[in-house]
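For reference, the chains in residue letters:
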Amino acid sequence: MSVRVRMAPSPTGLLHIGNVRTALFNWLFARQHEGGEFHLRIENTDTSREVAEATQQIQDSLSWLGLDLDGEVTFQLDRIEQCAEVARKLVAEDKAYEDEGAIRFRMPDEGTTGWDDVVRGRIEVPNETIEDLVIVRTDGRPTYNFASPMEDIWDGVTHVIRGEDHISNTPKQINIIRAVGAEVPVYAHVPNVNGTDNKKLSKRHGAVTVKEFRDDGYVAPALMNFLALLGWAPDGETTIMSRDELVRRFDLGRVQPSPAAFDYAKLDWMNGVYLRAMSAEEYADALIVYLREQGYDWDEELIRRAAPLVQEKIARLAEFPSFAGFLFARPEPQASTDGAVLPAAAETLAEVEPFDASSIEAALRGLAERLELKPREAFQPIRLAVTGSKVSPGLFESLELLGKEESLARIGGSGRGGPSGSSAR
């Protein structure tokens, strides 16, 4: 039988990126084995509308990242009756007992419960430290430590790859699995994901859900690559790896037990690498999809023409509106644009034909010479008037994209509003 793994989140809130990293390890492990399967199980305690919405969000997050599922999504509550039947059988066999309306499982009193953890090596837990476990509550619902291992049995899960916070649950679940005569799966407890301050990753560090990273302009292949390296590395040197290479090279045995640090600066760098590696068409397509998702209805043709100007300069798609938004709506300058340069620039540019980047550059460099100014001194007031910022895409290319009429209007300071044919968010 090939490997079968699962991700089993509770449907509370948005999916934390640390859980996504663990899901990725499961997916990579499944995909590198012929016939391997990756399943999604929702460990719900009710069937409310919120559960349905959270379940859809979980699936959307995994799908966007590229983690495809095998089989249908299952829900813990759908197996209440099966769990109840097993619990009654355990009571009948004196392996469990009733306690004030609940059912408790008898843990062994002597010896140890141990397992060979793929990540952490041999772990032994004295049985005297494991208290008898409630497996069915007074309202008839199974507890996590009963339902989860039973579902692993029913689903044929061969490897349980999960966070280190579950280590304390593992001996309890192993004893239940042994009590029903089933085969114990292989366990691998992967490290937590911390911020660079070595504290558990939370909103104080930045984005922590897939949706937030998506909204911040990260692309899925870069995020997948980055997450795969949180606690694992193929050789200590290779950093950039495609989806197929990650599948081929992933080794669960090389996952480190120590906490992994989520470095946002490294993610920015990696995302920039992926953006720059795209073809011009792929980059423009990604940019348009992102902007539409974020509610921008800017002219698609102008976005495509602007894309090459920013592809080498921004690390996240979310930087495009602040970096190139001046192309779609006339900005308020961030600093004074007063000076003798602007009237002369307007007069010079009015004579430029054709109004393309090379002609514009020749004209403005000639102007700088006539004014006896260094190019930077001459161009800065023009850049401020046109883009509203000291930092922008290439000035000459920007002027070409804006067109002569709009460029002269901005340099001359006349009117407000966006250029003809454009619209703001």
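Above this text sits the structure in question.
Scoring rules and cut-offs
Residues numbered from 1 in each chain as written. Predicted model: local features only at pLDDT ≥ 70, side-chain atom pairs only at ≥ 80, totals over all residues. Heavy atoms only, no water. Helix = DSSP H or I, 4+ residues; strand = E, 2+ residues; numbered from the N terminus. Rg over C-alpha atoms; globule rule 2.2 N^0.38 Å. Contact = heavy atoms within 4.5 Å. Areas by Shrake-Rupley, 256 points an atom, 1.4 Å probe, with all protein chains shown as cover. Lys, Arg positive; Asp, Glu negative; His and termini not counted. Charge placed at Lys NZ, Arg CZ, Asp CG, Glu CD. Salt bridge = Lys/Arg side-chain N within 4 Å of Asp/Glu carboxyl O. Buried < 20%, exposed > 50% of the residue type's maximum accessible area, 1.4 Å probe, protein only. Axes fitted to C-alpha atoms, helices over the stretch in contact; angles between N-to-C directions. Parallel < 35°, antiparallel > 145°, perpendicular 65-115°, else oblique. Left-handed = near helix turned anticlockwise from the far one by under 90°. 1 Å grid on protein atoms, 1.4 Å probe; cavity = no way out; pocket = protein on both sides within 12 Å on 5 of 7 lines; lining within 4 Å. Points joined across faces, edges and corners; volume = space filled by probe spheres on them. Nonpolar A, V, L, I, M, F, W, Y, C, P; charged D, E, K, R; others polar. Phe/Tyr/Trp six-rings, centres within 6.5 Å; stacked < 30°, edge-to-face > 60°. Pairing = 2+ DSSP bridges.

(A) Seen up close, the overall build of the chain. A count of helical and extended segments in the chain gives 17 helices and 12 strands. Relative to its length of 425 residues, the chain is extended, with a C-alpha radius of gyration of 30 Å against a globular reference of 22 Å. Overall size of the chain, expressed as C-alpha extent along the three principal axes, is 100 × 45 × 35 Å. Put simply, 74% of the contacts in the chain that link residues at least 6 apart link residues at least 24 apart. A total accessible area of about 19900 Å² is found for the chain, and carbon and sulfur atoms account for 47% of it. Positive and negative charge centroids in the chain, built from 47 and 68 side chains respectively, lie 3 Å apart.

(B) How the structure looks around the pattern of salt bridges. Tallied over the full model, the rule gives 31 salt bridges. A salt bridge links D68 to R31; its shortest N-O distance comes to 3.3 Å. Here R31 lies in helix 1 (residues 17-31) and D68 lies in the loop between helix 2 (49-65) and strand 3 (74-75), a separation of 37 residues in the sequence. You can call D68 partly exposed: its relative accessible area is 37%. Residue R31 is classed as partly exposed on the basis of its relative accessible area, which comes to 22%.

(C) Up close: the packing of helix 10 (residues 280-293) against helix 11 (residues 300-310). Taken N-terminus to C-terminus, the directions of helix 10 and helix 11 make an angle of 120 degrees; their axes are 9 Å apart at the nearest point. The orientation of helix 10 relative to helix 11 falls into the category oblique. Note that helix 10 runs across helix 11; the crossing there is right-handed. Between helix 10 and helix 11, the residues in contact are E281, Y283, A284, D285, L287, I288, L291 and R292 and E300, I303, R304, A307 and V310, respectively.

(D) Representation of the layout of surface pockets in the model. Within this model, the largest pocket holds a volume of roughly 710 Å³. What lines the largest pocket is a set of 32 residues, among which H16, G18, N19, D165 and H166 lie closest to the centre. At 6 residues, the largest contribution of residues to the lining of the largest pocket is made by helix 1. Of the residues assigned to the lining of the largest pocket, the class counts are 13 nonpolar, 12 polar and 7 charged.

(E) Quick peek at the packing of aromatic side chains. Applying the stated rule across the entire model yields 13 aromatic pairs. When the ring of F213 is compared with that of F262, the centres are 5.5 Å apart and the planes differ by 35 degrees; the resulting orientation is tilted. One end of the pair, F213, is in helix 6 (residues 210-215); the other, F262, is in strand 12 (residues 260-262), and 49 residues separate them in sequence. Considering the side-chain rings of F320 and F328, the 6.2 Å spacing of their centres and the 55 degrees angle between planes classify their relative orientation as tilted. Assigned by exposure class, F320 and F328 land together as buried.

(F) Representation of the sheet that holds strand 1 (residues 4-7) in the model. The 3 strands lie next to each other as 1-2-3, forming an open sheet whose pairing is parallel. Looking along the sheet, the strands with just one partner apiece sit at the ends: strand 1 and strand 3. As paired strands, strand 2 (residues 37-42) and strand 3 are joined by 2 bridges and run parallel to one another. Bridge pairing links I42 to F75 in strand 3. The strands that helix 1 touches are strand 1 and strand 2; relative to strand 2, the one it contacts most, it runs at about 145 degrees. Strands in contact with helix 4 (residues 144-154) are strand 1, strand 2 and strand 3; relative to strand 2, the strand with the most contacts, it is inclined by about 145 degrees.

(G) Fine view of the sheet that holds strand 5 (residues 102-105). Across the sheet, which stays open at both edges, the 3 strands sit in the order 4-5-8 with antiparallel pairing between neighbours. Each having just a single partner strand, strand 4 (96-99) and strand 8 (133-136) make up the two edges of the open sheet. Geometrically, the sheet is characterised by an average inter-axis angle of 40 degrees between neighbouring strands, direction not taken into account. Relative to strand 5, strand 4 runs antiparallel, the two sharing 4 bridges. Bridged to Y97 within strand 5 is R104.

(H) Structural detail: the side chain of H205. One can find H205 in the loop between strand 11 (193-195) and helix 6. Look past the residues within four positions of H205 in its chain and what remains in contact with it is G195, D197, K199, K200 and Y264.

(I) View of the environment of G36. Within the secondary structure, G36 sits in the loop between helix 1 and strand 2. Distance in space between the C-alpha atoms of G36 and D70 is 9.1 Å, their sequence separation being 34 residues. Ignoring sequence-local partners within four residues, the contact set of G36 consists of S2, V3, A30, R31 and D70.

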